[in-house]
Amino acid sequence: MRRFSRLATILAITLASSLGSPAQADPGGCRDYEIIGVRGSGESYVGPHGMSWTVGAAADHAAGQLMSYGVSADDIGFYSLVYPATKVNAWNIISGEYWTSMEEGVTTLKQALEGVALGCPGQRVILIGYSQGAHVIHTALDRNLTAAQKSVIRAILLIADPAGRLDARYSHVLYQPTGEDLGPGTGGGILDHALINSEFHGRTQAICIYADLVCDDAGNAYSHGLYGPLVPYWSRLVAGIAFAPPTSTTPIPSAYDFSGDGKPDLVFRRSTDSNLHLLDGNGARGWMTGQPRQIGNGWGDAELLTWVSDFSGDGKPDVVWRKAGDKNLYMMEGNGAGGWKTGQARQIGTGWGDAELLTSVPDFSGDLEPDLIWRKAGDKNLYMIEGNGTGGWKTGQVKRIGTGWGDAELLVSVPDFSGDGEPDLIWRKAGDKNLYMLEGNGAGGWKTGQARQIGTGWGDAELLTSRGDFSGDGEPDLIWRKAGDKNLYVIEGNGTGGWKTGPVQIGTGWGNVDAIP
């Protein structure tokens, strides 16, 4: 799904007559984030968001990471920089055609930054460039940017910069195909060995595949086309840099933050009173006070209670559930401050009586909107329905995404457990009581379709859930209650599909809890 921002409109006024535009501009208001993509030599505008495939994919992953923090999809804009991106060969470099193309990109990029600084001064810009596009960004940073232009640049991803020096402050030489970080390396690009402006060192990540002759002095041209699998991790990383607060006192939103303090929280229902309660997390594998507070009463008829990072599109987490009485689906919008926007439930679906194991995914289909996944009781297959980002459904059409899920128990979605930048599903098998993971492909399906065992001896687990990064180490974790002692536990993921340590107890006396959205 493409979103075109106010920046596209501003630039269209100054650029369209001479350069054209890779996408039609929508005159919407200023968004919180603007991802500007700068394509590489010879690449066309056929990828996501009117960018090239490499840069567009990076932009998608960066946006997905922002959404996992709780940023609304409507608050993320995309702009594909328009410039020649002339193909590289010896003649084009000698004749100056490459340099003319690159300089035109620099000029246009500076205009784009000025457009943001003037029209949307509070916007956070993420710059992503590949090959010649990285050269454009690198050069623009050294071209007397105004203080206003500099202030809007929050993060930069340079992929295979042909003019950059490999430097320990921001460079990473990567081994392909594993993606192992070999360190900052030495030397630099085929055209120059220039450091980027020191003002941007802390905001920049520059990656170069080992032996890519474009950015690593000596090597081969083949390696230059192998960045696709490496893009997700580094795109997510720069999104995190852009998302970091301007001061240490500014709370960082989280997709699992209900109270508004930037830390993931737990919402739960007590079986004794059928009321909903909130327990504030402290962002470090524990609780702010340990004292829950009631946030709703009369929730006894709620089934399949499910947390959704932002279903309504206002940037705040919501709760979705099925009513026992009519078997219809309902939503209640959070207000981002530990309560409800209106307190009025809204019906969002009918005929959900055969749904089991309901879970939400910040974006399973790849359109940057939250989706729902569940198993049907009748056929035991897995299904998905795509949200439209405004509290409804994209098409209303249910899509089957898996068969033979009859032995699945405790199904939960995790923003990215395997570390490839895509959401995954984790569940317990009824037969062996072990834990399994299936990796999503970011486009509404599965990476391989092969489940991977990630844990044994989970037979005493109840109320399995994820709050993303509950421990504060940047990796998603799992939370559950043990049936034997009725205490709450967390186990920290290591970011690559496994565990950092063993389970840690984080709460006692959870025996009267019967639902954790």
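Residues numbered from 1 in each chain as written. Predicted model: local features only at pLDDT ≥ 70, side-chain atom pairs only at ≥ 80, totals over all residues. Heavy atoms only, no water.

Rules: UniProt positions are given in the numbering used here, feature names are shortened, and annotations may be inferred rather than shown by experiment.
Looking at an unreviewed UniProt entry, one finds the protein named Cutinase family protein, with Phytohabitans houttuyneae as its source organism. Recorded under Sequence similarities (unreviewed entry), the UniProt text for the protein is reproduced unchanged: "Belongs to the cutinase family."

Looking at the packing of helix 2 (residues 53–68) against helix 7 (residues 231–243)
The line we're drawing: Angles here are taken between N-to-C directions and fall from 0 to 180 degrees, while the axes themselves are lines fitted to C-alpha atoms, restricted in helices to the stretch in contact. A run of H or I in DSSP counts as a helix once it spans at least four residues, and a run of E counts as a strand once it spans at least two, with each numbered from the N terminus. Any angle from 65 to 115 degrees is called roughly perpendicular, while one under 35 is roughly parallel, one over 145 is roughly antiparallel, and all others are oblique. When the near helix sits turned anticlockwise from the far one by under a right angle, the crossing is termed left-handed; a clockwise turn instead gives a right-handed crossing. Whether two residues are in contact is decided by their heavy atoms: any pair within 4.5 Å suffices.
Two elements in contact, helix 2 and helix 7, have axes separated by 8 Å at closest approach and are oriented at 50 degrees. As far as their axial angle goes, helix 7 and helix 2 are oblique. Handedness of the helix 2/helix 7 crossing: right-handed. Seen from helix 2, the contacting residues are T54, A57, A58, H61, A62, Q65 and L66; seen from helix 7, they are V231, P232, S235, R236, A239 and F243.

Comments concerning the environment of G484
Test applied: In this scheme, a residue with accessible area under 20% of its type's maximum is buried, one over 50% is exposed, and one in between is partly exposed, where area comes from a 1.4 Å probe on protein chains only.
Among the secondary structure elements, G484 is positioned in the loop between strand 24 (477–482) and strand 25 (488–492). Among the residues examined, G484 registers a relative accessible area of 72% and is labelled exposed. Sequence-wise, G484 and T456 are 28 residues apart; in three dimensions their C-alpha atoms are separated by 17 Å.

Re the domain arrangement of the protein
Note the cut-off: Domain segmentation is taken from an automatic or database assignment of domains. Defined in terms of a 1.4 Å probe, buried area is the accessible area two parts forfeit on being brought together, summed over both. Every case where a carboxyl oxygen of Asp or Glu lies within 4 Å of a side-chain nitrogen of Lys or Arg is listed as a salt bridge. In protein, a polar contact requires one atom able to donate a hydrogen and another able to accept it; more generally it is a pair of N or O atoms within 3.5 Å, and residues adjacent in sequence count only if both atoms are side-chain atoms. Under the convention adopted here, Pro, Cys and the residues Ala, Val, Leu, Ile, Met, Phe, Trp and Tyr are nonpolar, Asp, Glu, Lys and Arg are charged, and Gly plus all remaining residues are polar.
Each assigned domain of the protein is listed here: domain 1 (33–239) and domain 2 (266–515). At the boundary of domain 1 with domain 2, total buried surface from both sides reaches about 1000 Å², with 54% on carbon and sulfur atoms. At the junction of domain 1 and domain 2, the tally comes to one salt bridge. With its nearest N and O atoms 3.0 Å apart, the salt bridge here joins D416 to R236. At the boundary of domain 1 with domain 2, the tally comes to one residue pair in polar contact (both at pLDDT 80 or more). Elements supplying a minimum of two residues to the side of domain 1 that touches domain 2: helix 2 and helix 7. Per-element accounting of the side of domain 1 that touches domain 2 gives the leading share, five residues, to helix 2. Taken together, the residues that form the side of domain 1 that touches domain 2 break down as five nonpolar, four polar and three charged.

Things to note about the confidence of the model for the protein
Put simply, the test is: Scored from 0 to 100, pLDDT records how confident the predictor is in each individual residue.
With 92% of its residues at a pLDDT of 70 or more, the protein shows a mean pLDDT of 87. A low-confidence stretch, residues 1–28 stays under pLDDT 50, and its non-local contacts, those more than four residues away or across chains, total 63 contacts. A low-confidence stretch, residues 245–253 stays under pLDDT 50, and its non-local contacts, those more than four residues away or across chains, total 15 contacts.

Details of the nonpolar core
Threshold: Think of a nonpolar core as a cluster: buried Ala, Val, Leu, Ile, Met, Phe, Trp, Tyr and Cys residues, connected wherever their side-chain atoms sit within 4.5 Å.
Formed by 36 residues in total, the largest nonpolar core has its most connected members in I35, L66, I76, I126, I128, I159 and Y227. Among the secondary structure elements, those contributing two or more residues to this core are strand 1 (33–38), helix 2, strand 2 (76–80), strand 3 (124–130), strand 4 (153–159), strand 5 (171–175), strand 7 (204–209) and helix 7. The leading source of residues in this core is helix 2, at seven residues. Setting aside its immediate chain neighbours within four residues, I35 contacts M51, A59, A62, A63, I76, G77, F78, Y79, I126 and I128. With 30 residues, the next largest nonpolar core counts Y98, L113, I153 and F200 among its residues.

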